[in-house]
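# What the coordinates show
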Amino acid sequence: VRTIDWVDGAIEIVDQTVLPEQLTVRRIETLDHLVSAIQELAVRGAPALGVAGAMGVAQLALSGAGIDEVRTGAARLRAARPTAVNLAWGVDRALQRLEDGPGSVLAEALAVRDEDVAACISMGLHGADYLRAVVPDRDISLMTVCNTGGLAAVERGTALGVAQTIHEQGWLQEVVPLETRPLLQGARLTAWELQQMGAPFRLVVDSAGPFLLSRGAADAVVIGADRIAANGDTANKVGSFSLALAAKHAGVPFVVIAPESTVDMSTASGADIEIEDRGAGEITSFGARATAPRGTETYNPAFDVTPHELITAIITDRRVVHLDRGQELSTVPLQPSRQS
Ligand code: MRU
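Rules used throughout
- Residues numbered from 1 in each chain as written.
- Predicted model: local features only at pLDDT ≥ 70, side-chain atom pairs only at ≥ 80, totals over all residues.
- Heavy atoms only, no water.
- Helix = DSSP H or I, 4+ residues; strand = E, 2+ residues; numbered from the N terminus.
- Rg over C-alpha atoms; globule rule 2.2 N^0.38 Å.
- Buried < 20%, exposed > 50% of the residue type's maximum accessible area, 1.4 Å probe, protein only.
- Contact = heavy atoms within 4.5 Å.
- Areas by Shrake-Rupley, 256 points an atom, 1.4 Å probe, with all protein chains shown as cover.
- Lys, Arg positive; Asp, Glu negative; His and termini not counted.
- Charge placed at Lys NZ, Arg CZ, Asp CG, Glu CD.
- Pairing = 2+ DSSP bridges.
- Axes fitted to C-alpha atoms, helices over the stretch in contact; angles between N-to-C directions.
- Near = heavy atom within 4 Å.
- Polar contact = N/O pair within 3.5 Å; in protein donor to acceptor, adjacent residues only side chain to side chain.
- Nonpolar A, V, L, I, M, F, W, Y, C, P; charged D, E, K, R; others polar.
- Parallel < 35°, antiparallel > 145°, perpendicular 65-115°, else oblique.
- Left-handed = near helix turned anticlockwise from the far one by under 90°.

### So, the overall build of the protein chain
- Helix and strand counts for the protein chain come out as ten helices and 15 strands.
- A compact globule built from 340 residues would reach a C-alpha radius of gyration of about 20 Å, and the protein chain, at 19 Å, matches this within 12%.
- Each principal axis of the C-alpha atoms in the protein chain carries an extent, and together these give about 60 × 55 × 40 Å.
- Taking all 340 residues of the protein chain together, 56% fall into the buried category.
- Of all intrachain contacts in the protein chain linking residues separated by at least 6 positions in sequence, the fraction that spans at least 24 positions is 73%.
- When the accessible area of the protein chain is evaluated, it comes to approximately 13,900 Å², of which 51% is carbon and sulfur surface.
- Side chains of the protein chain carry 28 positive and 42 negative charges; the gap between the two charge centres is 3 Å.

### Examining the sheet that holds strand β2 (residues 10–14)
- On the basis of which strands lie adjacent, the open sheet formed by three strands has the order β1-β2-β3 and antiparallel pairing. At either margin of the open sheet sits one strand with a lone partner, and together these are β1 (4–7) and β3 (25–28). Each adjacent strand pair in this sheet contributes to an overall mean axis angle of 30 degrees, direction not counted.
- Where β1 and β2 come together, four bridges link them in antiparallel fashion. Directly across from valine 7, in β2, lies its bridge partner alanine 10.
- With respect to the sheet, helix α1 (residues 31–39) is in contact with β2 and β3, its orientation differing from that of β3 by roughly 140 degrees.
- Along the sheet, helix α2 (residues 46–62) makes contact with β1, β2 and β3, crossing β1 at roughly 20 degrees.

### Some thoughts on the site of the ligand
- Taken together, the neighbourhood of the ligand is formed by 17 residues, with Arg44, Arg81, Asp226, Asn236 and Lys237 sitting nearest.
- Between aspartate 226 and the ligand, the recorded distance is 2.9 Å, taken from a side-chain N or O atom to an oxygen atom.
- Calculation on the ligand without its partners gives an accessible area of 410 Å², and the protein chains cover 100% of this total.
- Broken down by secondary-structure element, the contributors of at least two residues to the shell around the ligand are α2 and β8 (234–237).
- Classifying every residue of the shell around the ligand gives seven nonpolar, six polar and four charged.

### Some points on the packing of α2 against helix α4 (residues 85–95)
- Where α2 contacts α4, the two axes come as close as 7 Å, and the packing angle between them is 30 degrees. Comparing the axis directions of α2 and α4 gives the class roughly parallel. Between α2 and α4 lies a crossing of right-handed hand. Residue-level inspection shows Ala46, Pro47, Leu49, Gly50, Gly53, Ala54 and Val57 of α2 in contact with α4, the latter providing Asn86, Leu87, Gly90, Val91, Ala94 and Leu95.
- Its residues assigned to classes, the contact of α2 with α4 shows nine nonpolar, four polar and no charged.

Structural data, given as structure tokens:
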């Protein structure tokens, strides 16, 4: 099952609100359904959001809507979640083909989907080679946060895709995923994916991550990204920044793995990235049960920004940028994607 696909004229997604209890496919036939699915995180993760954005525009164009109506709907889709640049990027790619007719818009959306599959294979290979150089002589342990596996993309993921590649190559000691409060993407989704892969892992609470790094629990931290600014500052799931600080303290590489579509050269630095605040409900209750007094005010940033100084390398489908050696995104050229 693909996380997101175009099936018999509509978008189908694996519904991530009900995992790990149920593996259910949700069929999305309207823009309203798609916007809700994105906002409730039934479909989530930057690469998958890119595909959702492109397919959403295609679905509108194919519905018979006029060009103006498609553009209005696309603007709504683009704004459904503000931090992951891939959503706007996917919408814009599909919109570029609007004048050529609905069939061309759909072809572009399917290309976005297929490119993601290839990009994740390439990131897995680049990431595995990079980490083999970091730990040349034994099996490796990796710490990660949130979910960056196949559930965040189409088939394979970014940071978790690197762990998957290393597992397939036979030198993964274990993955240490953080549970990822408040929506538990690490516990519900990453642990589920690691089980499906048959990969060894131990789940930890978020606040244990920095301490465990100081005790040598991982050889590297690998994370995904929702937006990478031109200077390398990286927005990703909240908790990434504290792991980066701890990784620096422990002398452990902190590596960002994301497709080129997540690199946003029009955003100068992390200070310019809009961070989604998801409101009080997610942290003042757990299911139906209140976990804070009624009326409690909150900060609930879904993402944080790790400054580029704390990032060892950014690995994409097309290059490895060694920030720790003074390399920059603006100067390291793109290479062809790798498929083996
Ligand atoms: O709020 P989410 O679950 O969409 O957040 C996802 C992340 O932060 C991921 O790390 C990021 O999108 C990269 S996914 C390969």
